[in-house]
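Residues per chain are reported as follows:
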Amino acid sequence: MKFFVDTANINEIKEAQSLGILDGVTTNPSLMAKEGITGKNKIINHYKQICEIVTGDVSAEVIATDFKGIVEEGEELASIHNQIVVKVPMIAEGIKAIKYFSENSIKTNCTLIFSAGQALLAAKAGATYISPFIGRVDDISCDGLELISDIRMIFDNYDFGTEILAASIRNPMHIINCAKIGADVVTTPLKSIKSLLNHPLTDIGLKKFLDDFNKGNK
Ligand code: G3P
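Bear in mind that the values here come from a model prediction, so they are computed numbers and not experimental data.

The rules behind the values
- Residues numbered from 1 in each chain as written.
- Predicted model: local features only at pLDDT ≥ 70, side-chain atom pairs only at ≥ 80, totals over all residues.
- Heavy atoms only, no water.
- Pairing = 2+ DSSP bridges.
- Helix = DSSP H or I, 4+ residues; strand = E, 2+ residues; numbered from the N terminus.
- Axes fitted to C-alpha atoms, helices over the stretch in contact; angles between N-to-C directions.
- Contact = heavy atoms within 4.5 Å.
- Near = heavy atom within 4 Å.
- Polar contact = N/O pair within 3.5 Å; in protein donor to acceptor, adjacent residues only side chain to side chain.
- Areas by Shrake-Rupley, 256 points an atom, 1.4 Å probe, with all protein chains shown as cover.
- 1 Å grid on protein atoms, 1.4 Å probe; cavity = no way out; pocket = protein on both sides within 12 Å on 5 of 7 lines; lining within 4 Å.
- Sits in = over half its atoms within 2 Å of the grid points.
- Expected span 1.5 Å × (residues − 1).
- Buried < 20%, exposed > 50% of the residue type's maximum accessible area, 1.4 Å probe, protein only.
- Patch = residues over 30% accessible without salt bridge, like charges linked within 9 Å, V, L, I, M, F, W, Y side chains within 5 Å.
- Salt bridge = Lys/Arg side-chain N within 4 Å of Asp/Glu carboxyl O.
- Core = buried A, V, L, I, M, F, W, Y, C linked by side-chain atoms within 4.5 Å.
- Phe/Tyr/Trp six-rings, centres within 6.5 Å; stacked < 30°, edge-to-face > 60°.

(A) Quick peek at the sheet that holds strand E5 (residues 108-113). Strand order around the closed barrel formed by eight strands is E1-E2-E3-E4-E5-E6-E7-E8, with parallel pairing between neighbours. Adjacent strand axes in the sheet meet at a mean angle of 30° when their direction is disregarded. Two strands pair when backbone bridges link them, and E5 and strand E6 (residues 129-132) are joined in this way by three bridges, in the parallel orientation. Residue pairing for E6: Cys 110 is matched across the bridge by Ile 130. Each of strand E3 (57-61) and strand E4 (84-89) is contacted by helix H4 (residues 67-78), which is oriented at about 160° to E4, the strand it contacts most.

(B) Expanded view of the site of the ligand. Looking at the ligand, the residues that line it are Asp 6, Asn 28, Lys 87, Phe 133, Arg 136, Ala 167, Ser 168 and Arg 170. Ser 168 is positioned with one of its side-chain polar atoms (N or O) 2.7 Å from an oxygen atom of the ligand. Within the side chain of Arg 170, one N or O atom sits 2.8 Å away from an oxygen atom of the ligand. Here the ligand has 310 Å² of accessible area as a free molecule, and 80% of this is covered by the chains. Among the detected pockets, the ligand sits in the largest pocket.

(C) Quick look at helix H11 (residues 200-216). Taking 1.5 Å per residue, 17 residues should reach 24 Å; H11 reaches 24 Å between its end C-alpha atoms and fits that length. Little of H11 is tucked away, with zero of its 17 residues classed as buried.

(D) Up close: a nonpolar patch on the surface. Where nonpolar side chains cluster on the molecular surface, the patch consists of Met 173, Ile 176 and Leu 196 and spans about 250 Å² of accessible area. Mapped onto the elements, Leu 196 comes out in the loop between helix H10 (190-195) and H11.

(E) Quick peek at unusual backbone geometry. One non-glycine residue, Ser 105, lies in the positive phi region at around 55°. Note that Ser 105 resides in the loop between helix H5 (92-103) and E5. The phi angle at Ser 141 is positive, at roughly 65°, despite the residue not being glycine.

(F) Highlighting the nonpolar core. Formed by 59 residues in total, the largest nonpolar core has its most connected members in Ile 130, Ile 151 and Cys 178. In this structure, Ile 151 is in contact with Ile 113, Ala 116, Ala 119, Ile 130, Pro 132 and Ile 164, ignoring residues within four places of it in sequence. Phe 4, Tyr 129, Leu 165 and Val 185 belong to the second-largest nonpolar core, a separate cluster that totals five residues.

(G) A look at the packing of aromatic side chains. Overall, the coordinates contain six aromatic pairs when judged by the stated rule. Between Phe 4 and Tyr 129, the aromatic rings sit 5.8 Å apart at their centres with planes inclined by 70°, giving edge-to-face as the arrangement. Residue Phe 4 is found in strand E1 (residues 2-6), and its partner Tyr 129 is found in strand E6; the two are separated by 125 residues along the sequence. Residue class for Phe 4 comes out buried when judged on its relative accessible area of 0%. By relative accessible area, which is 3% here, Tyr 129 ends up buried.

(H) Just the pattern of salt bridges, in detail. Considering all chains together, one arrives at 14 salt bridges under this definition. A salt bridge links Glu 72 to Lys 68, with the shortest nitrogen-to-oxygen separation between them at 3.2 Å. One end of the pair is Glu 72 and the other is Lys 68, both in helix H4 and four residues apart, which spans about a single turn. A relative accessible area of 47% places Glu 72 in the partly exposed class. Among the salt bridges present, the one from Asp 184 reaches Arg 152, with a minimum N-O distance of 3.1 Å. Highlighted residues: Asp 184 in the loop between helix H9 (172-181) and strand E8 (185-188) and Arg 152 in helix H8 (residues 144-158), separated in sequence by 32 residues. Classification of Arg 152 by relative accessible area gives buried; the value is 13%.

Following this line, the structure appears as structure tokens:
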């Protein structure tokens, strides 16, 4: 399973990269705004900076919602760096644009996926990734992980090459359960990745090993 970090924060991206387990980055307009990255030039420079830190795919989201606008914006984003994946919203114009991008060798991430039907449409259009938002599904008392299972079954039934990129991850158990189901990628805040490190028995065990070493080496 690939690990992407879901942030536009450069320090967090550097920290995730330094762990040696990072496969890519996803951003969205809310995450860019949170870091104060506004205006076309600043946004483009920010994506360049992220691509220089990581070696994998970096999702950059379009703002346009019409086919022509999505294609123009997507082509400009894709020209920033060969690691850029154009993130396109799950709307009819977005599906048309994903089809166009897939025929023109531009990688895409179809975002705001909340149903298996939406995932199927995006895969049919040739999306490289689809992003089901499991935390937001859970937020409305539905089951985000069940959505991942349904999409996994559908994609496997027909051998779709589209990768399931589980997004809106809120805790380490989301990551574990996505791995059990077979999501191809999780994109997560750094905090959830770091939570996977923790176990009290590891801390107790390490303390005992070090104490015993120190006793024997006095
Ligand atoms: O990648 C999508 C993700 O950023 C959404 O997460 O926590 O805003 O639902 P959240």
